[in-house]
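What follows is each chain in one-letter form.
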Amino acid sequence: DVKVTQSSRYLVKRTGEKVFLECVQDMDHENMFWYRQDPGLGLRLIYFSYDVKMKEKGDIPEGYSVSREKKERFSLILESASTNQTSMYLCASSRTSGRVDTGELFFGEGSRLTVL
Amino acid sequence: AQSVTQLGSHVSVSEGALVLLRCNYSSSVPPYLFWYVQYPNQGLQLLLKYTSAATLVKGINGFEAEFKKSETSFHLTKPSAHMSDAAEYFCAVSDGPNFGNEKLTFGTGTRLTIIP
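Numbers given to residues run from 1 along each chain, matching the order in which its sequence is written. Written order decides the labels, with chains lettered from A and ligands numbered from 1. In view of the model being predicted, local features appear only for residues whose pLDDT reaches at least 70, and side-chain atom pairs are presented and counted only at 80 or more, with totals across whole chains, interfaces and linings using the full set of residues. Working from all heavy atoms in the structure, the side-chain values ignore hydrogens and water.

Chemist: Now, about the overall build of chain A: what can you tell me, with residues and values included?
Modeler: By definition, any uninterrupted DSSP run of H or I lasting at least four residues is a helix, any uninterrupted run of E lasting at least two residues is a strand, and each is numbered from the N terminus. On a plain count of helices and strands, chain A comes out with zero helices and 11 strands. Reading chain A from its N end, one meets helices and strands in the order β-β-β-β-β-β-β-β-β-β-β. The quantity called the radius of gyration is restricted to C-alpha atoms. Its globule counterpart is 2.2 Å times the number of residues to the power 0.38. For a compact globule of 116 residues, the expected C-alpha radius of gyration is about 13 Å, and chain A comes in at 14 Å, within 12% of that figure. Any pair of residues with heavy atoms lying within 4.5 Å of one another is described as a contacting pair. Of the contacts made within chain A by residues no fewer than 6 positions apart, 57% connect residues no fewer than 24 positions apart. Only the protein chains shown count as cover for residues, with accessible areas throughout obtained via the Shrake-Rupley method and a probe of 1.4 Å. By element, 49% of the accessible surface of chain A is carried by carbon and sulfur atoms, the whole surface being about 5700 Å². In this tally, Lys and Arg are treated as positive and Asp and Glu as negative; His is ignored, and so are the chain termini. Charged side chains are reduced to one point each, which is NZ for Lys, CZ for Arg, CG for Asp and CD for Glu. Of the side-chain charges in chain A, 17 are positive and 17 negative, and the distance between the mean point of each set is 5 Å.

This is the structure:
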């Protein structure tokens, strides 16, 4: 069964702490994404990556960075957590476009982060 | 830039009644359109997608959607609601594979409640 695994379902951190959210996929997908989900705002793209060591900013990258050292792993980093980063974070992966399953994102179950 | 608008953040229907969730899109190029579903405490999963083939698209769990270019709409329907359909539904749009490794832009979501 294909899978996207996020390392932590629930995290509680304090303002100013550095936070790492890890995501691993076992489908050999080229593309990986980090979204945050907030009530009434839907999903907003933070960063994405089309290949190892490549990254591109999404719609709301401020306050975040990412790392993709291996194809299967995509990490989201909050250098100094703030209360407005309290949210649900969703990782997703997909195949490179042009194939029949283009556009289908496979999501992890999410990481709910609370920053106090 | 593409965008989608979901009309109605909350929709309630009786069990056995028609489900209609509305989505309108804005895109400067022929769009690829998607519906995703999120069950409580889970990530999103693909319900169905339109990729410029048949305008009536059938998905999983008895759902279908019709692409109407003249109305810029991609509404999701199901003839008879089931209790297990209670979830949040997201419409999404992308540029399609001709424009590189596409990323999806999501709507704000519609929470569907089924009344017994």
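Chemist: Can you break down the side chain of D85 of chain B residue by residue, with the values?
Modeler: Within the secondary structure, D85 of chain B is located in the loop between β8 (73-78) and β9 (87-94). In contact with D85 of chain B, other than residues within four places in its own chain, are F63, K78, S80, L112 and I114 of chain B.

Chemist: Before we move on, could you go through the state of the cysteines and cite the residues and values that matter?
Modeler: Disulfides are defined as pairs of cysteine sulfur atoms found within 2.5 Å of each other. Summed over all chains, the structure comprises two disulfides over all chains. Through a disulfide, C23 of chain A is tied to C91 of chain A; the S-S separation comes to 1.9 Å. Taking the torsion about the sulfur-sulfur bond, which here is approximately -80°, the covalent link between C23 of chain A and C91 of chain A counts as left-handed. Pair noted here: C23 of chain A is in strand β3 (residues 19-25) and C91 of chain A is in strand β9 (residues 87-94), with a separation of 68 residues, a long-range link. For the residue pair C23 of chain A and C91 of chain A, the accessibility class agrees, reading buried in each case. Residue C23 of chain B pairs covalently with C91 of chain B via a disulfide, S to S 2.0 Å. Between C23 of chain B and C91 of chain B, the S-S dihedral sits near -65°, and the bridge is therefore left-handed. Taken together, the residues C23 of chain B in strand β3 (residues 19-26) and C91 of chain B in strand β9 connect sequence positions 68 residues apart. Burial classes: relative accessible area under 20% of the type maximum marks a residue as buried, over 50% as exposed, and values in between as partly exposed (1.4 Å probe, protein chains only).

Chemist: How would you sum up the environment of H82 of chain B? Please name residues and give values.
Modeler: Residue and element names in this part refer to chain B. Counting through the fold element by element, H82 comes out in the loop between β8 and β9. Through-space distance from the C-alpha of H82 to that of F63 is 11 Å; in sequence the pair is 19 residues apart. For H82, the residues in contact, after removing those within four places along its chain, are E15 and I114.

Chemist: Mind laying out the packing of aromatic side chains, listing which residues take part and the relevant values?
Modeler: Residues and elements named next belong to chain B. Within 6.5 Å between ring centres, the rings of Phe, Tyr and Trp (the latter by its six-membered ring) count as paired, and their orientation is classed by plane angle as stacked under 30 degrees, edge-to-face over 60, tilted in between. Across all of its chains, the model carries 14 aromatic pairs over all chains by this definition. With 6.3 Å between their ring centres and 50° between their planes, Y50 and F74 make a pair best called tilted. Separated by 24 residues along the polypeptide, Y50 in strand β5 (residues 44-50) and F74 in strand β8 bring together distant segments of the chain.

Chemist: Got a sec to walk through the sheet that holds β3 of chain B? Specific residues and values, please.
Modeler: Residues and elements named next belong to chain B. By the convention used here, strands pair only if DSSP detects at least 2 bridges between them. Ordered by their spatial adjacency, five strands build an open sheet running β1-β3-β8-β7-β6, and the pairing between neighbours is antiparallel. The open sheet has two free edges, formed respectively by β1 (3-7) and β6 (56-58), since each of these has just one partner strand. If you compare each strand with its neighbour and ignore which way they point, the axes differ by 20° on average. Relative to β8, β3 runs antiparallel, the two sharing four bridges. By the bridge assignment, L21 is partnered in β8 with L76. Structural elements are reduced to axes, namely lines fitted to C-alpha atoms, with helices fitted over the stretch in contact, and the angle between N-to-C directions of any two is expressed from 0 to 180 degrees.

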